[in-house]
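Remarks on the overall topology
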Amino acid sequence: MTARYNGLADWYDARFVAGAPRHQPSLPELLGPGSGRCLDLGCGTGRNFDTIRDSGRSVVGVDHSADQLRLARTRTDGPLIEADAAMLPFDDASFDTVLAMWISTDLDDFTGALTEATRVLRPGGLLVCYGVHPCFNGPHIEWNEDGSRLIHPSYRTSGWHEAAPYWADDGIRRRVGMRHRSLPELLNAFLRPELTLEHFEEPDAMPVPHSLAIKARRN
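Rules of the game
Residues numbered from 1 in each chain as written. Predicted model: local features only at pLDDT ≥ 70, side-chain atom pairs only at ≥ 80, totals over all residues. Heavy atoms only, no water. Helix = DSSP H or I, 4+ residues; strand = E, 2+ residues; numbered from the N terminus. Rg over C-alpha atoms; globule rule 2.2 N^0.38 Å. Buried < 20%, exposed > 50% of the residue type's maximum accessible area, 1.4 Å probe, protein only. Contact = heavy atoms within 4.5 Å. Areas by Shrake-Rupley, 256 points an atom, 1.4 Å probe, with all protein chains shown as cover. 1 Å grid on protein atoms, 1.4 Å probe; cavity = no way out; pocket = protein on both sides within 12 Å on 5 of 7 lines; lining within 4 Å. Points joined across faces, edges and corners; volume = space filled by probe spheres on them. UniProt positions renumbered as here; feature names shortened; annotations may be inferred. Nonpolar A, V, L, I, M, F, W, Y, C, P; charged D, E, K, R; others polar. Patch = residues over 30% accessible without salt bridge, like charges linked within 9 Å, V, L, I, M, F, W, Y side chains within 5 Å. Salt bridge = Lys/Arg side-chain N within 4 Å of Asp/Glu carboxyl O. Phe/Tyr/Trp six-rings, centres within 6.5 Å; stacked < 30°, edge-to-face > 60°. Lys NZ or Arg CZ within 6 Å of the ring centre and 35° of its normal.

**Some details on the overall build of the protein chain**
Helices and strands together make up the secondary structure of the protein chain, namely seven helices and 11 strands. Relative to the 2.2 N^0.38 estimate, which gives 17 Å for 219 residues, the radius of gyration of the protein chain is 17 Å and therefore close to what a compact globule would have. Summarising its shape, the C-alpha atoms of the protein chain cover approximately 45 × 40 × 30 Å along the three principal directions. By the burial criterion, 51% of the 219 residues in the protein chain qualify as buried. Taking the contacts inside the protein chain whose residues are at least 6 apart along the sequence as the reference set, 63% of them involve residues at least 24 apart. Entry remark: accessible area of the protein chain is about 10,000 Å², with carbon and sulfur atoms responsible for 52%.

**Section: empty space enclosed by the protein**
As enumerated under the stated definition, the model contains two cavities of 30 Å³ or more in all. The computed volume of the largest cavity comes to approximately 100 Å³. The wall of the largest cavity is formed by 14 residues, among which Ser104, Cys129, Tyr130, Gly131 and Leu186 lie closest to the centre. Only strand E4 (95-101), strand E5 (121-132) and strand E11 (211-218) provide two or more residues apiece to the lining of the largest cavity. For the lining of the largest cavity, the leading source of residues is E5, giving four residues. Reported here for the second largest cavity is a volume of approximately 60 Å³. Together, Ser104, Thr105, Val132, Pro134, Asn137, Met178, Arg179, His180, Arg181 and Leu186 line the second largest cavity. By residue number, the principal contributor to the lining of the second largest cavity is strand E9 (residues 178-180), which donates three residues.

**Some points on the UniProt feature "domain: Methyltransferase type" (unreviewed entry) in the protein chain**
Feature annotation in UniProt places "domain: Methyltransferase type" (unreviewed entry) on residues 39-129, given in this structure's numbering. For residues 39-129, the helix share is 26%, the strand share is 31%, and the end-to-end C-alpha distance is 12 Å.

**Details of the layout of surface pockets**
Put simply, the second largest pocket is a space of about 160 Å³. Along its surface, the second largest pocket is lined by Val17, Ala20, Pro21, Arg22, Gly46, Arg47, Phe49, Asp50, Arg53 and Arg75. Split by residue class, the lining of the second largest pocket holds four nonpolar, one polar and five charged.

**Focus: a nonpolar patch on the surface**
On the surface, Leu191, Leu197 and Phe200 cluster together into a nonpolar patch covering about 280 Å² of accessible area. Summarising the element assignment, Phe200 is placed in strand E10 (residues 195-201).

**Thoughts on the packing of aromatic side chains**
For the coordinates displayed, the defined rule picks out six aromatic pairs. Ring centres 5.9 Å apart and planes at 85° place the aromatic pair Trp11 and Phe16 in the edge-to-face group. Owing to a relative accessible area of 22%, Trp11 belongs among the partly exposed residues under this scheme. Relative accessible area serves as the criterion here: at 24%, Phe16 is assigned to the partly exposed category. Ring plane angle 65° and centroid distance 5.6 Å describe the contact between Trp102 and Tyr130, whose orientation is recorded as edge-to-face. Of the two residues, Trp102 is situated in the loop between E4 and helix H5 (110-120) and Tyr130 in strand E5; the sequence distance between them amounts to 28 residues. Residue class for Tyr130 comes out buried when judged on its relative accessible area of 3%. By the ring-pair criterion, three or more aromatic residues cluster together here, those being Tyr5, Trp11, Tyr12 and Phe16. The cationic tip of Arg4 hangs over the ring face of Trp160; the distance from NZ or CZ to the ring centre is 3.7 Å. The ring of Trp11 carries the charged tip of Arg175 above its face, separated from the ring centre by 3.9 Å.

Here it is as structure tokens:
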């Protein structure tokens, strides 16, 4: 896997983290109160560390970008590890919670990352995945000023997209591209005997949602 965010950490943090709302919509409710270790998978610069700690859990951060982890270190004294999400350096059943925020469009092997996330969860442990809504956010979507979206036929074109002509010139996707998965492709990745799916949510308050959250429990 390529560490696509290396060299972008300062820009990313200024754009999406520093001064941003402390909690992303519905994340505290999706996590709920808990305890034990929470793996923040694809932790970036640590935007969600406070939310995890507020829930009663301790933070362990993993990201493939050393540049992102450099800034994440300013937000925690806990363990931060540079690793590929599809090859986690942890023992089986070593976490009470795994949180995966906005990673489905950055990873080449999202199914492998879910396999690893499931492996490191203890029985009864919680998995929360929260990220791009495949139907309304992606390389096939053109955002209009009135909040509506124009959906292009490329929705069914899975795989890596380097650019689309209607992507914002100063946006993250112009800088790193994105891996698009259709809604069935995303949901089918969660259908595995080790997981029980508990909850689906479109967390943001926009009339047309741009994010999708999935909550599951390790059997």
